[in-house]
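# Chains, contacts and geometry: an overview
The primary structure of each chain is shown beneath.
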Number of protein chains: 2
Amino acid sequence: MTKEEVIKEYRLREILAAARRVMARYAMQGTTIDRVAEEAGVAKGTIYLYFSSKDDLVHAAVLEGLREMMAETIRSDDPTMAPLERIRNLILSQYRIEASNQDFLKTLIIGNSLDIELEGAPGREFMRVYSDFLNFIASVLQSAIDRGALRPIDPLFAAFMLGEMITGSLRRRLLKLASSPLEADADAVVELFLKGIQVIPCA
Amino acid sequence: MTKEEVIKEYRLREILAAARRVMARYAMQGTTIDRVAEEAGVAKGTIYLYFSSKDDLVHAAVLEGLREMMAETIRSDDPTMAPLERIRNLILSQYRIEASNQDFLKTLIIGNSLDIELEGAPGREFMRVYSDFLNFIASVLQSAIDRGALRPIDPLFAAFMLGEMITGSLRRRLLKLASSPLEADADAVVELFLKGIQVIPCA
DNA sequence: CAGTCAACTGAACGTACAGTCAGTCTAGGC
DNA sequence: GCCTAGACTGACTGTACGTTCAGTTGACTG
């Protein structure tokens, strides 16, 4: 990589990071090119040297954020753990990761959000990244099923619902409907996901 | 109520209904006062006789939509049912209701969404309505706990998570990640909520 | 040191809308 | 049948913001 390429790469990162900070601070509506340019310390026009449009920039920034979070979750996986422990560990990790990105996530899961067309290149890109992640979680669940630790539930369904439960639990915090410590919250999700709410009958 | 009041009330309903149709069709970004006016068959200025701003209109329309759906769920409740049957019935009802409003909900749960400040009058109004609903669901769960059908879980937590699971399941459909028949989907949520995914050990 | 070129700048442009208001219409009272 | 109040209209205004592009900068070359 030449020196110029390094600088360009650095600028790109800087603009993406600035975009995410602006999104976290001003929500989607308040995210303007002017603000991102100011935050990144570049002129408005410069942004258009790196991104073809505002949508392009926003999509890239969000995608990057999600990708990082998913990668971090996957990195925290330890395949040598016992199945249930492994799942519990993944849930706690993702919970922690989502919580530490809550300013960024806030603009995605409460208040205003993305304007994305499911059909269309960016939408498909999102779905591809997300599906990869779901497949990873599903494979972990599947291996637990194979080992007899889980009921033979559809692993993709369970993976999706698990994500929704974690995000939902975070949303509950952001809506100020929960004030319990983070760990207690995460444990409650683990418990609910594994055991449900019904009184456990004798199998 | 005088004749004029009846007419004004009718206009108000018409504008709110038009706003919801426009939201469902064009998503939040594409919802303009011009479009709502055209859809309602009134002039732009007329809308400002009934609502003080675009935000005011949008908030009122969304609130009305949510209120109706919640009321319909509550109406479907039958307190004489056995606890688990009663919960199952509520889940299936809400699932059906959400599914039949999916065009409207789509703009709220995927793609772009509301720009609402949690503090501030509209935000507090939303939370009040939503909390009422959660309290209702929680009371149903509590009565099942009292009867020994459910584990002694925090009922407000469970009520919230249940809502997230149902909405999440609908989101999965909207994202085209599920194509199973609606009933099968709803049943899977019931099952997951009640029993979790773990193999049921002998109590 | 002059010349070249790509990166960068930010004033200016165009547009899409929210919101306004002078004017029109109509129903009901006198 | 005229008058008035207030509901309604829609052309117009103001503005915020995405996008552009003519000009500037500065690093490298010969």
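Throughout this description, residue numbers start from 1 for each chain and increase along the sequence as written. Chain labels run from A onward and ligand labels from 1 onward, assigned in the order the entries are written. Restriction of local features to residues with pLDDT of at least 70 applies here, the model being predicted, together with a cutoff of 80 or more for giving and counting side-chain atom pairs; totals for whole chains, interfaces and linings are based on all residues. With hydrogens and water stripped out, all remaining heavy atoms of the structure feed into the side-chain values.

### A word on the packing of aromatic side chains
Short version of the rule: Think of it this way: a Phe, Tyr or Trp ring, Trp meaning its six-membered ring, pairs with another when their centres are within 6.5 Å, and the plane angle makes it stacked under 30 degrees, edge-to-face over 60, tilted otherwise. Each helix corresponds to a stretch of at least 4 residues labelled H or I by DSSP, and each strand to a stretch of at least 2 residues labelled E; elements are numbered beginning at the N terminus. The buried label applies to any residue whose accessible area, calculated with a 1.4 Å probe on protein chains only, is under 20% of its type's maximum; exposed applies above 50%, and partly exposed to all values in between. Comment: the charge-over-ring label is applied if NZ (Lys) or CZ (Arg) is within 6 Å of the ring centre and within 35 degrees of the ring normal.
Taken as a whole and judged by the stated rule, the model has two aromatic pairs over all chains. Each ring, one from Y130(B) and one from F160(B), has its centre 6.1 Å from the other, and the planes form 65°; the classification is edge-to-face. Residue Y130(B) is located in helix 7 (residues 121-146), and its partner F160(B) is located in helix 8 (residues 155-174); the two are separated by 30 residues in the primary sequence. We classify F160(B) as buried; its relative accessible area is 1%. One residue, R35(A), lies across the ring of Y26(A), its end atom 3.8 Å from the ring centre. It is R20(B) that lies over the ring of F104(B); its NZ or CZ is 5.2 Å from the centre.

### Observations concerning the domain arrangement of chain A
All names here are of chain A. To be explicit about the condition: In this entry, domain limits derive from an automatic or database-based domain assignment. For this analysis, residues touch if any pair of their heavy atoms sits within 4.5 Å. Put simply, buried area is how much 1.4 Å-probe accessible surface two parts lose in total, over both of them, once they are put together. By definition, a salt bridge exists where a carboxyl oxygen of Asp or Glu is found within 4 Å of a side-chain nitrogen of Lys or Arg.
When the domains of chain A are assigned, the result is domain 1 (1-51) and domain 2 (54-195). Counting residues at the interface gives 16 residues for domain 1 and 18 residues for domain 2. Both faces considered, domain 1 and domain 2 share a buried interface measuring about 1,500 Å² in area, 67% of it formed by carbon and sulfur atoms. If you look at where domain 1 meets domain 2, you find three salt bridges.

### Remarks on the protein's contact with DNA strand C
Note the following rule: Near residues are defined by distance, with any heavy atom within 4 Å of the molecule or strand qualifying the residue. Here a polar contact is recorded for every N or O atom pair within 3.5 Å, except that within protein the pair must consist of a potential hydrogen donor and a potential acceptor, and residues adjacent in sequence are included only if both atoms are side-chain atoms. Under the grouping applied here, Gly and all other residues not named as nonpolar or charged are polar, the nonpolar ones being Ala, Val, Leu, Ile, Met, Phe, Trp, Tyr, Cys and Pro and the charged ones Asp, Glu, Lys and Arg.
Taken together, 17 residues are adjacent to DNA strand C, and R11(A), T46(A), Y50(A), K44(B) and K54(B) come closest. Considering the 4 Å shell around the protein, atoms of DNA strand C inside it are sugar or phosphate in 58% of instances. In the model, a phosphate oxygen of DNA strand C is placed 2.9 Å from a nitrogen or oxygen of the A43(A) main chain. Interatomic distance of 2.9 Å between a side-chain N/O atom of Y50(A) and a phosphate oxygen of DNA strand C. With five residues, helix 3 (residues 44-50) of chain A is the single largest residue contributor to the surface near DNA strand C. Broken down by class, the residue content of the surface near DNA strand C amounts to six nonpolar, five polar and six charged.

### Brief notes about the side chain of T107(B)
The residue T107(B) is located in helix 6 (residues 102-109) in this model. Classification of T107(B) by relative accessible area gives buried; the value is 4%.

### Some thoughts on the protein's contact with DNA strand D
Around DNA strand D, the surrounding shell holds 16 residues, and the nearest of these are K44(A), Y48(A), K54(A), R11(B) and T46(B). Restricting the count to atoms of DNA strand D within 4 Å of the protein gives a sugar and phosphate share of 64%. Here I33(A) contributes a backbone N or O atom positioned 2.9 Å from a phosphate oxygen of DNA strand D. Contact distances for DNA strand D include 3.5 Å between a base nitrogen and a backbone N or O atom of G45(B).

### Quick look at the side chain of T31(A)
Looking at where T31(A) falls in the secondary structure, it is placed in the loop between helix 1 (3-26) and helix 2 (33-40). Here the side chain of T31(A) touches A27(A) through a polar contact of 2.7 Å, landing on its backbone oxygen.

### A look at the relation of the copies chain A and chain B
One copy of the chain maps onto the other through a rotation about an axis followed by a shift along the same axis. What counts, and what does not: The superposition of copies rests on a least-squares fit of C-alpha positions from residues with pLDDT of 70 or more in both.
Take chain A, turn it by 180°, move it 0.0 Å along the axis, and it overlays chain B with an RMSD of 0.0 Å. In symmetry terms, the pair is related by a two-fold rotation axis.

### Some remarks on the interface of chain A and chain B
Often, the extent of an interface is quoted as the loss of accessible area on bringing the components together. Each partner contributes residues to the interface: chain A has 49 residues there, and chain B has 49 residues. Of the roughly 4,600 Å² buried where chain A meets chain B, counting both sides, 65% is carbon and sulfur surface. It is R151(A), I197(A) and Q198(A) in chain A that bury the most area against chain B; as a group they hold 17% of the surface buried on that side. Summed over the shared surface of chain A and chain B, the number is four salt bridges. A salt bridge links E164(B) to R171(A), with the nearest nitrogen and oxygen atoms 2.3 Å apart. The interface formed by chain A and chain B includes six residue pairs in polar contact (both at pLDDT 80 or more). Mapped onto the side of chain A that touches chain B, the elements with two or more residues apiece are helix 7 (121-146), helix 8 (155-174) and helix 9 (182-195) of chain A. Take the side of chain A that touches chain B: its biggest share by element is 11 residues, from helix 8 of chain A.

### Points about the packing of helix 7 of chain B against helix 8 of chain B
All names here are of chain B. Rules: The convention used is that axes are lines fitted to C-alpha atoms, helices contributing only their stretch in contact, and that angles between N-to-C directions extend from 0 to 180 degrees. Orientation categories follow fixed angle ranges, with anything under 35 degrees roughly parallel, anything over 145 roughly antiparallel, 65 to 115 roughly perpendicular, and all other angles oblique. Less than a right angle of anticlockwise turn of the near helix away from the far helix marks a crossing as left-handed, whereas a clockwise turn marks it as right-handed.
The contact between helix 7 and helix 8 brings their axes to 8 Å, and the two run at 115°. Taken together, the axis directions place helix 7 and helix 8 in an arrangement best described as roughly perpendicular. Considering only the axes of helix 7 and helix 8, their crossing is right-handed. Counted together, Y130, L134, N135, I137, A138, L141 and Q142 of helix 7 and P155, L156, A158, A159, F160 and L162 of helix 8 form the full contact between these two elements.

### A look at helix 1 (residues 3-26) of chain B
All names here are of chain B. Rule in force here: Helix span is expected to be 1.5 Å times the residue number reduced by one.
With 24 residues, helix 1 ought to run about 34 Å at 1.5 Å a step, and its terminal C-alpha atoms sit 34 Å apart, in line with that. Among all positions in helix 1, only I15, L16, A18, A19, R20, V22 and M23 are buried. Against helix 2 (33-40), helix 3 (44-50), helix 4 (54-75) and helix 6 lie the buried residues of helix 1. In the stretch just after helix 1, A27 is the one whose phi turns positive, near 65°.

### Let's talk about the pattern of salt bridges
Residues and elements named next belong to chain A. For the coordinates displayed, the defined rule picks out 34 salt bridges over all chains. Linking E64 and R13 is a salt bridge whose minimum nitrogen-to-oxygen distance equals 2.2 Å. One end of the pair, E64, is in helix 4 (residues 54-75); the other, R13, is in helix 1, with 51 residues separating them in the sequence. Residue classification places E64 among the buried positions, given a relative accessible area of 14%. Because the salt bridges share partners, they merge into one network encompassing E9, R13, R20, E64 and E68.

### A closer look at the packing of helix 4 of chain B against helix 5 (residues 83-100) of chain B
All names here are of chain B. Across the interface, helix 4 lies against helix 5 with an axial gap of 9 Å and an inter-helix angle of 150°. The orientation of helix 4 with respect to helix 5, classified from their angle, is roughly antiparallel. Every pair of crossing elements has a handedness; the one defined by helix 4 and helix 5 is right-handed. Facing helix 4, whose interface residues are M69, E72 and T73, helix 5 presents L90, Q94, I97 and E98. Across the contact of helix 4 with helix 5, the residue classes break down as three nonpolar, two polar and two charged.

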